[in-house]
Amino acid sequence: MKTCLISSGVIRVPPKYGGAVEQYVYQIARNLKNLGVDVDIIDAQFFGDESQDEKNELKIIRLKTLFQKSGVSSLTKLSFGFSIVRSDILKNYRIIHVNTILPGSFVTRFYKFRPIIYTCHNSDWVSRRRSFFSTAFREVERNIMRRATAVIALSRSMRKRIIKFGGINPKKVRLIPNGVDTRFFMPIIESSEKLKEKMGLYDHKIILFVGRITYMKGVDVLIRAFSHAILHAGLNKITLLLVGPQASAFKSTKSGRYASWIKMLIEKLGIKDNVRFVGKVSNETLRKLYSIADVFVLPSRYEGMPLAILEAMSAGLPVLGSKVSGIVDVIEEGINGYSFNPEDHKKLGELIMKILGDEKLKKRLGDNSRILAERRYDWNIIAKKIKLLYESLT
């Protein structure tokens, strides 16, 4: 059962920084390999790459494209999709697993006579956002899913909406969530305390947010909640760490309009000394930040299936998240964390104070988070489900 997983062609696999789709492709391939599946990754060739390389005995085939620039760009993805079809490399595989819209459009149109699996990572299916581009891309993705042999939805809400609004046959839409490397993201990481001391946070309570600083992620809700918590709890040594790019484009080094407005809001609320923009960090630094935090918060307005909340759970953190798709799938109320209505910053502020003010509760929620991550979301468990799907199609 020779299989290939096709990445986005935007961020190099394996990703050093962020890259949810790319992380998914790499981790699924790596764990399928451990399960005995003959699997390769197909990725774009970036500057300095060889055409093939080995990562942990994983074969990554890198195709030349017209636009060898690592960054979020539809033109880059379009060029990558064209390169896949032009190379005719897919004729060598029995199972083809695609993960993004534009490469997926090429593959499902030109390779109709073999099983093609499409994983939908597009959170627009569970949002109320309606722009020209989001509507156009959803239409393209709808046609991809109709042509694909099987579709993987990452959350319950995403599956329902793909079926309802995409008109996709329910029998071919499988619910298989994202996963996490529980051996990498752990509660205790060597030298993490040194990082905490280096940041001057040795005796601080730390609230952690990981994601892009965008309206979708609801950072303004978190800022207002954090201000509310400081005002009512009277805590001086409490810090909010905002980890991630300050723009919607992952590779951007500039602050977007929303991030600039967030900074103004922080100034207005008088909490500048308690909030830090950490920016984009390596995965190694990220896992240390999880291990020094006290609570993880994700106040998104909509989501697909966020990796960050699974990473936080794996690191043994209590998790607070808005009641939206993907997040509600993983938070068990009062077991590993709590949820709140989107926009409800007062409720979020109360939940932050509740956890930070009760060490026993914080430990219980965090321990349960770790248990759930290991039992339900370890990448090996997710890969086994995907392997069964592959086998059912051959």
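Look a little higher up for the structure.
Description of the structure in this document. Computed from a predicted structure; not experimentally measured.

Digging into the overall build of the protein chain
Part 1 of the reasoning: The number of helices and strands found in the protein chain is 14 helices and 14 strands.
Part 2 of the reasoning: Overall, the C-alpha framework of the protein chain stretches about 65 × 45 × 45 Å when taken along its three principal axes.
Part 3 of the reasoning: Scored against the burial criterion, the 394 residues of the protein chain give a buried share of 58%.
Part 4 of the reasoning: Across the protein chain, every contact between residues at least 6 apart in sequence was considered, and the portion connecting residues at least 24 apart equals 67%.
Part 5 of the reasoning: About 17,400 Å² of surface is accessible on the protein chain, with carbon and sulfur atoms providing 52% of the total.
Part 6 of the reasoning: On the protein chain, the mean spot of the 66 positive side-chain charges and the mean spot of the 37 negative ones are 6 Å from each other.

Concerning the environment of V180
Part 1 of the reasoning: Along the polypeptide, V180 turns up in the loop between strand 8 (173-175) and helix 6 (192-198).
Part 2 of the reasoning: Take V180: its relative accessible area is 1%, and that puts it in the buried class.
Part 3 of the reasoning: Along the sequence, V180 and A308 sit 128 residues apart, while their C-alpha atoms lie 9.0 Å from each other.

Observations concerning a positive patch on the surface
Part 1 of the reasoning: There is a patch of like positive charges on the surface, built from K323, K347, K354 and R364.
Part 2 of the reasoning: Assignment of secondary structure puts R364 in helix 13 (residues 359-377).
Part 3 of the reasoning: Residue R364 is classed as partly exposed on the basis of its relative accessible area, which comes to 38%.

Thoughts on the side chain of N283
Part 1 of the reasoning: Note that N283 resides in helix 9 (residues 283-292).
Part 2 of the reasoning: The class of N283 is buried, set by a relative accessible area of 16%.
Part 3 of the reasoning: Once residues lying within four places of it in the same chain are set aside, the contact partners of N283 are P15, K16, Y17, G18, Q23 and F184.

Details of the pairing of strand 5 (residues 95-98)
Part 1 of the reasoning: Of the two faces of strand 5, both are covered, the one formed by I95 and H97 as well as the one formed by I96 and V98.
Part 2 of the reasoning: Bridging between strand 1 (residues 3-6) and strand 5 involves 3 bridges; their strand directions are parallel. Across the sheet, L5 pairs through a bridge with H97, a residue of strand 5.
Part 3 of the reasoning: Bridge count for strand 5 against strand 6 (residues 116-120) is 3 bridges, and the pairing is parallel.

Thresholds applied
Residues numbered from 1 in each chain as written. Predicted model: local features only at pLDDT ≥ 70, side-chain atom pairs only at ≥ 80, totals over all residues. Heavy atoms only, no water. Helix = DSSP H or I, 4+ residues; strand = E, 2+ residues; numbered from the N terminus. Buried < 20%, exposed > 50% of the residue type's maximum accessible area, 1.4 Å probe, protein only. Contact = heavy atoms within 4.5 Å. Areas by Shrake-Rupley, 256 points an atom, 1.4 Å probe, with all protein chains shown as cover. Lys, Arg positive; Asp, Glu negative; His and termini not counted. Charge placed at Lys NZ, Arg CZ, Asp CG, Glu CD. Patch = residues over 30% accessible without salt bridge, like charges linked within 9 Å, V, L, I, M, F, W, Y side chains within 5 Å. Salt bridge = Lys/Arg side-chain N within 4 Å of Asp/Glu carboxyl O. Pairing = 2+ DSSP bridges.

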